[in-house]
Amino acid sequence: MSLDPAQRPEYSTAGEASSISRIVEAIKQVGPRNSCAISRITGIPDNTVRYKIHNQLVQKGITVQTSVDYGKMGLTTNWVNMDFAKEYKKTAPLVLRVLSKSGYLTFFGRLLPQNSFATVIRIPREALKSYLSFLEKLVQAGVLDSYRVDPLLWIRHLSMNARYYDFEKKEWNVDWEEVEKSPVEIQQQEVAEGGAFYVDKIDVLLLKEMQIDCLRSLTDIGKKLHVKPKTLRYHFREHIEKRRLISRYVVRWFGSPPLEARKSILYLTAEIREPSPEVLWQAQNVFHRLPFTWLDAVSTCQDLYTAQAVLPISSYTETVEYLARNSDGFEKKLKLCLVDQTCTCNYTLPYELFSEDAGWLFDEEHTLEQVLEVSRGKVPDACSALSIPLTA
């Protein structure tokens, strides 16, 4: 969507940066699709709001993404660490790509310096036992040396803290002393229950398209899906919105322009094993204050807390120093890893595995056959073709 520049009022450079900041904060409250509500919150004309959201956010290094409630879709969320055998490390990304198609994988990233893989698997509860059997067979076949599955109690996607981002210069300007003193509001957790699901095929396809681009109009999505606009609007209003299948919209910094982002940003993951209740609460406060945190999560048994952050390289040392100053009591349990930007990928929800009649499907033997076939192929450098920015 592109608006005539003549419809936009004139702003000074500083005023325009301020207006973008106000729009970002409003999107966190009401999402990006309700420009009238954003206009009321910010005092910025509706046409200007729409223009800035659709035309200027990306230029400022900002993206808006959907956070889908997978539990209401009948899927559990699992943090799975996989350590591939030495002879399969090069083909590991292709194996994980297969799992994105037939094995409910929605994220993978190679951890450095360990050279293992962190993954997120969204699997129906009734298929979890079969999935564990599948992973065990990969160990028996020599593809994996080991794996660890941590079912998640909740996962929480966080928006950027626009207070510390200069939209005019398109760079972070973090006052670390202020960060440490600032009050923090811990947002409500998204409990990943799984079990009964409240979606049909159109819902699943619509959510998939909104994960790809939540700013696209329902009319455009309907054309792609070959679904009548009236039918799609009904599903969006009565199913997606009323059932809160999108738990929130998140606003994130991803570096700009995208092709240069690899040279200027770092993906950081943190893990704390067996935290006490006090440490768990303290860690959430620390990572919620950190302006760069994208998500955090807690395992079902509350024996794992993990967080991911995307930050400019220039802020790496200050970020680690901030964590060191504020990790008193869990500094020995805090494990930090870098995520290899050339070997990480996020995927939409596993829409191809949903059947209108049977719900979510998992064919253990077929998936195993596919993985074994790919893992034993000769690939010169599988990672080189798998570099895209992280998404929600």
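Residues numbered from 1 in each chain as written. Predicted model: local features only at pLDDT ≥ 70, side-chain atom pairs only at ≥ 80, totals over all residues. Heavy atoms only, no water.

### Thoughts on the environment of Leu336
Along the chain, Leu336 turns up in strand β12 (residues 334–346). By relative accessible area, which is 30% here, Leu336 ends up partly exposed. When neighbours within four sequence positions are excluded, Leu336 is seen to be in contact with Leu268, Thr269, Ala270 and Leu323. (Helix = DSSP H or I, 4+ residues; strand = E, 2+ residues; numbered from the N terminus. Buried < 20%, exposed > 50% of the residue type's maximum accessible area, 1.4 Å probe, protein only. Contact = heavy atoms within 4.5 Å.)

### As for helix α7 (residues 201–212)
The first and last C-alpha atoms of α7 sit 17 Å apart over twelve residues, in line with the 16 Å expected at 1.5 Å per residue. Three or more residues of α7 are buried, namely Asp203, Val204, Leu205, Leu206, Leu207, Lys208, Glu209, Met210 and Gln211. Between the side-chain oxygen of the N-cap and the backbone nitrogen of Ile202 there are 3.2 Å, and the N-cap of α7 in question is Asp200. (Expected span 1.5 Å × (residues − 1). Polar contact = N/O pair within 3.5 Å; in protein donor to acceptor, adjacent residues only side chain to side chain.)

### Things to note about the nonpolar core
One finds Phe84, Phe134, Leu138, Phe167, Phe287 and Tyr305 to be the most contacted residues of the largest nonpolar core, which totals 116 residues. Beyond its immediate stretch of four places on either side in the chain, Phe84 contacts Lys89, Ala92, Val95, Leu96, Phe117, Val143, Leu144 and Asp145. (Core = buried A, V, L, I, M, F, W, Y, C linked by side-chain atoms within 4.5 Å.)

### Concerning the confidence of the model for the protein
Of all residues in the protein, 88% attain a pLDDT of 70 or more, and the chain-wide mean is 88. Within the protein, helix α10 (residues 258–264) has the poorest average pLDDT of any element, 62, and helix α5 (residues 128–140) the best, 98. Contacts from residues 1–13, a stretch scored under 50 in pLDDT, to residues over four places away or in other chains number 21 contacts. Low pLDDT (under 50) marks residues 378–392, which in the prediction has 44 contacts with non-local residues, meaning those over four places away or in another chain. (pLDDT = per-residue confidence, 0-100.)

### Observations concerning the pattern of salt bridges
Tallied over the full model, the rule gives 19 salt bridges. Across the salt bridge formed by Lys224 and Glu209, the nearest N and O atoms sit 3.2 Å from each other. With a gap of 15 residues between them, Lys224 in helix α8 (residues 218–225) and Glu209 in helix α7 connect regions that are remote in the sequence. Across the salt bridge formed by Arg237 and Glu238, the nearest N and O atoms sit 3.3 Å from each other. When its relative accessible area of 42% is taken as the criterion, Arg237 is described as partly exposed. You can call Glu238 partly exposed: its relative accessible area is 22%. Within this structure, Arg148, Asp150, Glu271 and Arg273 form a network of salt bridges that share partners. (Salt bridge = Lys/Arg side-chain N within 4 Å of Asp/Glu carboxyl O.)

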